[in-house]
Amino acid sequence: MSEPEKACSPIVWCVGGSDSSGGAGITRDLATLADLGVHGCAIVTLVSAQSHYAMTSSKAMQLSLINEQWQVLAAEALPLCIKIGAIANDAQAKVLSTRIEMLSVPRPLIVWDPVLFSSSKGALSNLSKDVIKQLLRVVDLVTPNTHELASLAGIFIDSEIDNAFETKSEIKSEVKNNRDVRHAAKTLINSGAKSVLVKGGHARWQHNATDTYFTDSEEIAFSQPRVHHSELRGTGCMQASAIAAFVAKGYSIIDALTLANAYVKNVRDVSSSSYSQSSLTGSRQSVPQVPRLAGFPTNRDAFPTVAFIKSGAFNSVDGCKTESDVFDKHHNERREKPFLPLSHTKRGIYPVVDSADWIEKLLPTGVETIQLRIKEDISPWDKARISKEIQRAVALTKSTSCQLFINDHWQLAIEHGAYGVHLGQEDLFTADIDAIRKAGLRLGVSTHGYAEIQRVKSLAPSYIALGHIFATKTKDMPSQPQGIDRLKHYVDLCGGIPTVAIGGINKNRCKAVADTGATHIAVVTAITEAPCPHAAYHTLQKEAGFVE
Ligand SMILES: Cc1ncc(COP(=O)(O)OP(=O)(O)O)c(N)n1
Ligand SMILES: Cc1nc(C(=O)O)sc1CCOP(=O)(O)O
Ligand SMILES: [Mg+2]
């Protein structure tokens, strides 16, 4: 499948050092951006002489040249994202911090991959704790591996260290397990970093390789099976550049993190297959692993498992000492016990209505799936009235073949024996998912992009809702409309799980939506505001191609 939004070519600036081998640094950044259809501009901070095995020297660019590179680019066009890699010294870091602070709003998103040492062994950067603190506060996302995290957090934790550091060991704090990761990342956040992505490649204590994203209110884990014996250099540069590329292409930050994780997995896979081929012809040692391009990730198996962690959750799960124990426990349980599948496999229009009266009105159309969505913030419902309404809706559909989903009120849905429950992302923190499954109800869950889809797939629900496809007036949405191209990718990502497209869909749009392969099309106003709801239902079924 082709990449969505091919037409636009957004701009990302890369600030960093050149690596003569092309394995890492700004060469890798620009290759990654080009691979993802983004135009990369370069602000070179240092030139290093390195191969796959060694770095023999590294020379910092003069400040005047850093300034001039920035100015000449800024005079032409500001980027949507800036990716920063190696910074040679304090003076350069101060110039960059000041330049970032002077950017006008809306500012580009700034990603800092804090490269302190080259993967071909040697110091690239010699920054004092004060400039590191300053940088951490002006960038939007910092992407350390666990060694770099220890170094950065050590600056804030160990007040004994006063001098600029020269070697790793002088600034190291302990990061030996997931608790340490969390503590160190929270230290950075409490000290002014806006968000931190801790990469798990070096976290050998983790069974999977888990990258964890921290903000002051969120904690999200992205897990992939661990790759042992990888010789590939520059994966940190690729990942940070890919994050910048996806944000520049209009993806939310958590979707950019999901896509970048999948991208690096694909680069690893294609590069390692070329590695094993070349290793057939010579000694393994003498053939450096050359990174290959992988393009926009579309293959399902490249995507990480995503877990959203509610603050403090890991303290309350029996036998779990770390967050990753929780993820493993959570995911393994869910994977083993999928929800019951939908009874009807036929594709169809799925009306979402706010009363049992509406259900009664629509049942004669032969509708096969319907949802009762009562929102207390829209109309004055109390719990007793909601309970009665759900009971009546269940009674109306009981002797029909119509599959009734209850939105939000999962306890009442269980109590009254509804066919299924529909939950939103926030509900997943509070609803008792096991109780819903054990009661034999089906489960549908809303999603709004790659990260949420990957989160929900682990629950093995009866369907995954994909929204909002077009602008909708029915609900205030915090996210952007997804559009048809992304919907196609999402349907594919869901694999065999049935999908429900929702948001702004009407008779003129339902053919394009159906053509993506979405199993069902959910609508509110296209039916409830139609002069004749019955006729509207049949027209939608027909336009979508669900009936002749
Ligand atoms: C089929 C379908 N898809 C999405 C939604 C939205 O559910 P949710 O995110 O729980 O938001 P509210 O509907 O509760 O506002 C839905 N109801 N149905
Ligand atoms: C209830 C709802 N949930 C959405 C989501 O994207 O999760 S969009 C939506 C409203 C759909 O109404 P209409 O068909 O009138 O646009
Ligand atoms: Mg809901």
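Residues numbered from 1 in each chain as written. Chains lettered and ligands numbered in written order. Predicted model: local features only at pLDDT ≥ 70, side-chain atom pairs only at ≥ 80, totals over all residues.

1. Quick look at the overall build of the protein
Within the protein, the secondary structure is distributed over 19 helices and 18 strands. Buried residues in the protein amount to 49% of all 548 residues. (Helix = DSSP H or I, 4+ residues; strand = E, 2+ residues; numbered from the N terminus. Buried ≥ 20, exposed ≤ 12 C-beta atoms within 10 Å, placed from the backbone.)

2. Quick notes on the sheet that holds strand E13 (residues 403-407)
Paired through their backbone hydrogen bonds, the strands of a sheet run either parallel or antiparallel. Ordered by their spatial adjacency, eight strands build a closed barrel running E11-E12-E13-E14-E15-E16-E17-E18, and the pairing between neighbours is parallel. This sheet shows a mean twist of 25 degrees between the axes of neighbouring strands, independent of strand direction. With two bridges joining them, strand E11 (residues 348-353) and strand E12 (residues 369-372) adopt parallel strand pairing. Paired with Val352 across the strands is Gln371, a residue of E12. Across the sheet, helix H11 (residues 383-398) touches E12 and E13, and the angle it forms with E13 is around 170 degrees. Contacts from helix H19 (residues 533-543) reach E11 and strand E18 (520-523) within the one sheet, and its direction differs from that of E11 by about 145 degrees. (Pairing = 2+ DSSP bridges. Axes fitted to C-alpha atoms, helices over the stretch in contact; angles between N-to-C directions. Contact = placed C-beta atoms within 7 Å.)

3. What about the environment of Arg179?
Inspection of the secondary structure assignment puts Arg179 in helix H6 (residues 178-190). Considering only alpha carbons, one finds Arg179 and Trp112, 67 residues apart in sequence, at a separation of 23 Å.

4. Here we look at the packing of helix H3 (residues 90-102) against helix H4 (residues 129-138)
Packed helix pairs are characterised by how far apart their axes lie and by the angle those axes make with each other. In contact at an axis separation of 10 Å, H3 and H4 are set at 25 degrees when each is read in the N-to-C sense. Taken as axis vectors, H3 and H4 run roughly parallel relative to one another. Note on packing geometry: the crossing formed by H3 with H4 is left-handed. Facing H3, whose interface residues are Asp90, Ala93, Lys94, Ser97, Ile100 and Glu101, H4 presents Val131, Gln134, Leu135 and Val138. (Parallel < 35°, antiparallel > 145°, perpendicular 65-115°, else oblique. Left-handed = near helix turned anticlockwise from the far one by under 90°.)

5. What to know about helix H7 (residues 235-248)
With 14 residues, H7 extends 20 Å from end C-alpha to end C-alpha; this agrees with the ideal 20 Å at 1.5 Å per step. Burial analysis of H7 places 14 of its 14 residues in the buried class, the great majority of the element. Directly after H7, the chain includes Gly250, whose backbone phi takes a positive value near 100 degrees. (Expected span 1.5 Å × (residues − 1).)

6. Examining the pairing of E12
Here E12 shows two buried faces, one formed by Thr369 and Gln371 and the other by Ile370 and Leu372. The parallel pair E11 and E12, bridged by helix H10 (residues 356-362), forms a crossover whose chirality is right-handed. Of the strand pairs in this sheet, E12 and E13 are connected by four bridges, and their pairing is parallel. Its bridge partner lying in E13, Thr369 is registered against Gln403. (Right-handed = clockwise from strand over helix to strand, strands pointing away.)

7. Describing the site of ligand 2
Residues in contact with ligand 2 amount to 14 residues; listed here are only the nearest, Gly467, His468, Thr472, Thr474 and Thr525. The residue inventory of the shell around ligand 2, partitioned by class, reads five nonpolar, eight polar and one charged. (Near = placed C-beta within 6 Å. Nonpolar A, V, L, I, M, F, W, Y, C, P; charged D, E, K, R; others polar.)

8. Comments concerning the nonpolar core
In terms of nonpolar packing, the biggest core is built from 149 residues, with Val111, Val247, Ala501 and Ile521 touching the most fellow members. Those residues in contact with Val111 that lie beyond four places of it in its chain are Cys81, Lys83, Ile84, Val139, Asp140, Leu141, Thr143, Ala240, Ile243 and Ala244. (Core = buried A, V, L, I, M, F, W, Y, C linked by C-beta atoms within 7 Å.)

9. So, the domain arrangement of the protein
Per the domain assignment, the segments making up the protein are domain 1 (11-278 + 294-329) and domain 2 (339-543). Taken together, the contact pairs 16 residues of domain 1 with 12 residues of domain 2. When contributions to the side of domain 1 that touches domain 2 are tallied by element, the ones reaching two or more residues are helix H8 (253-281) and strand E10 (305-308). Looking at the side of domain 1 that touches domain 2, the element that brings in the most residues is H8, giving five residues. By residue class, the composition of the side of domain 1 that touches domain 2 is nine nonpolar, four polar and three charged. (Domains from an automatic or database assignment.)

10. Some thoughts on the environment of Trp381
With respect to the secondary-structure elements, Trp381 resides in the loop between E12 and H11. For Trp381, a count of 17 C-beta atoms within 10 Å puts it in the partly exposed group. Among residues more than four places away in sequence, those in contact with Trp381 are Ile374, Glu376 and Ile386.

11. With respect to the site of ligand 1
Lining the immediate surroundings of ligand 1 are 15 residues, of which Gly424, Ser446, Ala465, Ile502 and Ala522 lie closest. Only strand E14 (420-423) and strand E17 (499-502) provide two or more residues apiece to the shell around ligand 1. Looking at the shell around ligand 1 residue by residue, the class counts come to six nonpolar, six polar and three charged.

12. Quick notes on unusual backbone geometry
Here the bond from Val105 into Pro106 is cis, since omega is 0 degrees, no more than 30 degrees from zero. Relative to the helices and strands, Pro106 resides in the loop between H3 and strand E5 (109-112). Positive phi is not limited to glycine here, since Ala460 has a value of about 50 degrees. Within the fold, Ala460 resides in the loop between helix H15 (450-457) and strand E16 (463-466). On the neighbour-count criterion, Ala460 (16 C-beta atoms within 10 Å) is partly exposed.

13. Description of the environment of Leu372
You can see Leu372 is positioned in strand E12. For Leu372, a count of 28 C-beta atoms within 10 Å gives the class buried. Between the C-alpha atom of Leu372 and that of Trp358, which follows or precedes it by 14 residues, the distance is 8.9 Å. Those residues in contact with Leu372 that lie beyond four places of it in its chain are Val353, Ile359, Ile390, Ala393, Leu404, Ile406 and Asn407.

14. Re H6
Residues lying three or four places apart along an α-helix face the same way, a consequence of the helix completing one turn every 3.6 residues. Between its first and last C-alpha, H6 extends 18 Å over 13 residues, near the 18 Å set by a 1.5 Å rise per residue. A positive backbone phi angle near 115 degrees is found at Gly192, which sits one or two residues after H6.

15. Quick look at the packing of helix H1 (residues 25-35) against H7
The N-to-C vectors of H1 and H7 enclose an angle of 40 degrees; their axes lie 9 Å apart at closest approach. It follows from the interaxial angle that H1 and H7 lie oblique. For the pair H1 and H7, the crossing hand works out as right-handed. Side by side, H1 and H7 meet where Gly25, Arg28, Asp29, Thr32 and Leu33 of the first sit next to Cys237, Met238, Ser241, Ala242 and Ala245 of the second.

16. Digging into the confidence of the model for the protein
Chain-level pLDDT for the protein is 88 on average; 86% of the residues reach the 70-or-more range. Between residues 159-171, whose pLDDT stays under 50, and residues either more than four places distant or in other chains, the model counts 13 contacts. Below pLDDT 50 for its whole length, residues 313-321 participates in 11 contacts with residues either more than four positions away or in separate chains. Scored by ipTM, the complex comes to 0.97, with pTM at 0.91. (pLDDT = per-residue confidence, 0-100.)

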